[in-house]
Amino acid sequence: MTQNSDTSGGAFGLRRFATWVETAAAFLMGLVTLLAFVSAVMRYAFSAPIPDSHDIGRLALGVAIFWGVATVNYTGTHISVDLLYEMLGKGVRRVMDFFSTSLVLVSFAVLTVMMSKNAQDVFATGEHSYDLRFQIWPAYWLMVIGAGLATLTTALRLWLILRDETPHAHEDQSVLVTED
C-alpha cells in the first residue's frame with residue numbers, strides 16, 4: 001500500500017471519506033454502464049428503449065465524475081507527465097506542486113460558482129426529463145456538491161503541501177517496500 005492509498009483517516013479523516021466517495025462514484029459508473037448496455041439491448045433487440053435512459057445516464061455520469069474528481073484532487077493521483085518533475089529536486093517539486101494545486105484550486109472554485117448558478121437556473125425553470133418528467137435539479141446540485149468538495153479537498157491538499165505533510169504522488173515509493 002502506498003502513502004496515497006492509505007485509508008487510515010488522514011487529515012480530518014478525509015482519506016476515509018475519499019475512499020467512500022470513490023466507491024460511490026465507481027458504483028454510479030457501473031450503473032451508467034449497465035444502463036447503457038441494457039438500454040441498447042432493449043432498443044435494438046426488442047424495440048422497447050428504457051424511458052429516459054439517456055437523461056439518467058448523463059446525470060449519473062456527471063455526478064460520478066465530479067465526486068470522483070474530489071478524491072483525485074485530494075490524493076494527487078490524477079494523470080500527470082513526470083519528465084521534467086522527476087529531474088528536479090525536492091524543493092522545486094514542492095514549488096511545482098504548490099503552483100499546480102493553486103491553479104486547480106482557483107479553477108475549481110470558479111467552476112463551482114458557475115455550476116451553482118446553472119443549478120439555480122435549472123431549479124428555477126423546473127426542467128424535467130423528457131419521458132418520465134422527473135425533476136433533474138437534484139442531480140445538478142449533486143454535481144455542484146461534488147465540485148465544491150473538489151474545491152475543498154484541493155484547498156486541504158494545498159494546505160498540506162505548505163506544511164510539507166502530504167505525500168507527493170511522484171515520490172519514490174521504494175522506501176515502503178519491505179523485504180522478507
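Right above here is the structure, for reference.
What you see is a predicted model; the values in this text were computed from it and never measured. Per-chain numbering applies: the sequence of each chain, read as written, is numbered from 1 onward. In view of the model being predicted, local features appear only for residues whose pLDDT reaches at least 70, and side-chain atom pairs are presented and counted only at 80 or more, with totals across whole chains, interfaces and linings using the full set of residues. The side-chain quantities take in all heavy atoms of the structure and omit both hydrogens and water.

For the purposes of this entry, the term helix denotes a DSSP run of H or I that reaches at least four residues, the term strand denotes a run of E that reaches at least two, and both are numbered from the N terminus. Broken down by element type, the chain carries 5 helices and 0 strands. Throughout this description, buried means an accessible area under 20% of the type-specific maximum (1.4 Å probe, protein chains only), exposed means over 50%, and partly exposed covers the range between. Out of the 180 residues in the chain, the part that is buried amounts to 36%. Across the chain, every contact between residues at least 6 apart in sequence was considered, and the portion connecting residues at least 24 apart equals 73%. Here, Shrake-Rupley sampling with a 1.4 Å probe gives the accessible areas, and only protein chains in the shown set may cover a residue. Total accessible area on the chain is roughly 11,100 Å²; 69% of this is exposed by carbon and sulfur atoms. Here a residue-residue contact requires only that any non-hydrogen atoms of the pair lie within 4.5 Å.

This part is about unusual backbone geometry. Positive phi values are uncommon outside glycine, yet Ser 47 reaches one of about 50 degrees. Structurally, Ser 47 can be placed in the loop between α1 (14-46) and α2 (53-75). With a relative accessible area of 64%, Ser 47 lands in the exposed category. A positive phi angle, near 60 degrees, is found at Arg 133, a position not held by glycine. Looking at the secondary structure, you find Arg 133 in the loop between α4 (90-125) and α5 (137-162).

So, on to the packing of α2 against α5. Think of each axis as a best-fit line through the C-alpha atoms, taken over the contacting stretch in the case of a helix, with angles from 0 to 180 degrees between the N-to-C directions. The interhelical angle for the contact between α2 and α5, taken along N-to-C directions, is 10 degrees, at an axis separation of 7 Å. When the interaxial angle is binned, α2 and α5 end up roughly parallel. Split by residue class, the contact of α2 with α5 holds 17 nonpolar, 6 polar and 2 charged. An angle below 35 degrees is read as roughly parallel, one above 145 as roughly antiparallel, one from 65 to 115 as roughly perpendicular, and any other as oblique. Each residue receives one of three labels: charged for Asp, Glu, Lys and Arg, nonpolar for Ala, Val, Leu, Ile, Met, Phe, Trp, Tyr, Cys and Pro, and polar for the others, Gly being one of them.

What follows covers the packing of α2 against α4. Interhelical geometry of α2 versus α4 gives an angle of 160 degrees and a closest axis separation of 13 Å. One finds that α2 runs roughly antiparallel with respect to α4. As for the relative orientation of α2 and α4, their crossing is left-handed in sense. Residues Phe 66, Val 69 and Asn 73 of α2 lie in contact with α4, whose contacting residues are Val 104, Phe 108, Leu 111 and Met 115. The hand of a helix crossing depends on one turn: near helix anticlockwise from the far one by less than a right angle means left-handed, and clockwise means right-handed.

The next point concerns the packing of aromatic side chains. Within 6.5 Å between ring centres, the rings of Phe, Tyr and Trp (the latter by its six-membered ring) count as paired, and their orientation is classed by plane angle as stacked under 30 degrees, edge-to-face over 60, tilted in between. Scanning the entire structure with this criterion turns up 1 aromatic pair. Aromatic pair Phe 123 and Trp 137: ring centres 4.9 Å apart, planes at 85 degrees, arrangement edge-to-face. Of this pair, Phe 123 sits in helix α4 while Trp 137 sits in helix α5, and the two are 14 residues apart along the sequence. The partly exposed category is assigned to Phe 123, whose relative accessible area is 48%. Given a relative accessible area of 30%, Trp 137 falls into the partly exposed group.

On to the environment of Thr 151. The residue Thr 151 is located in helix α5 in this model. Sequence spacing of Thr 151 and Val 106 is 45 residues, and the spatial spacing of their C-alpha atoms is 8.1 Å. Beyond its immediate stretch of four places on either side in the chain, Thr 151 contacts Leu 105, Phe 108, Ala 109 and Thr 112.

Should a side-chain nitrogen of Lys or Arg be within 4 Å of a carboxyl oxygen of Asp or Glu, the pair is scored as a salt bridge. Summed over the entire model, instances satisfying the criterion amount to 3 salt bridges. Here Arg 93 ties to Glu 86 by a salt bridge, and the two come within 3.4 Å at their closest N and O atoms. Looking at Glu 86, the relative accessible area reads 37%, which means it is partly exposed. Residues Arg 94 and Asp 164 are paired through a salt bridge, measuring 3.6 Å at the closest nitrogen-oxygen approach. With Arg 94 in helix α4 and Asp 164 in the segment after α5, this residue pair connects regions lying 70 residues apart in the sequence. A relative accessible area of 27% means that Arg 94 is categorised as partly exposed. The class for Asp 164 is partly exposed, based on a relative accessible area of 37%.

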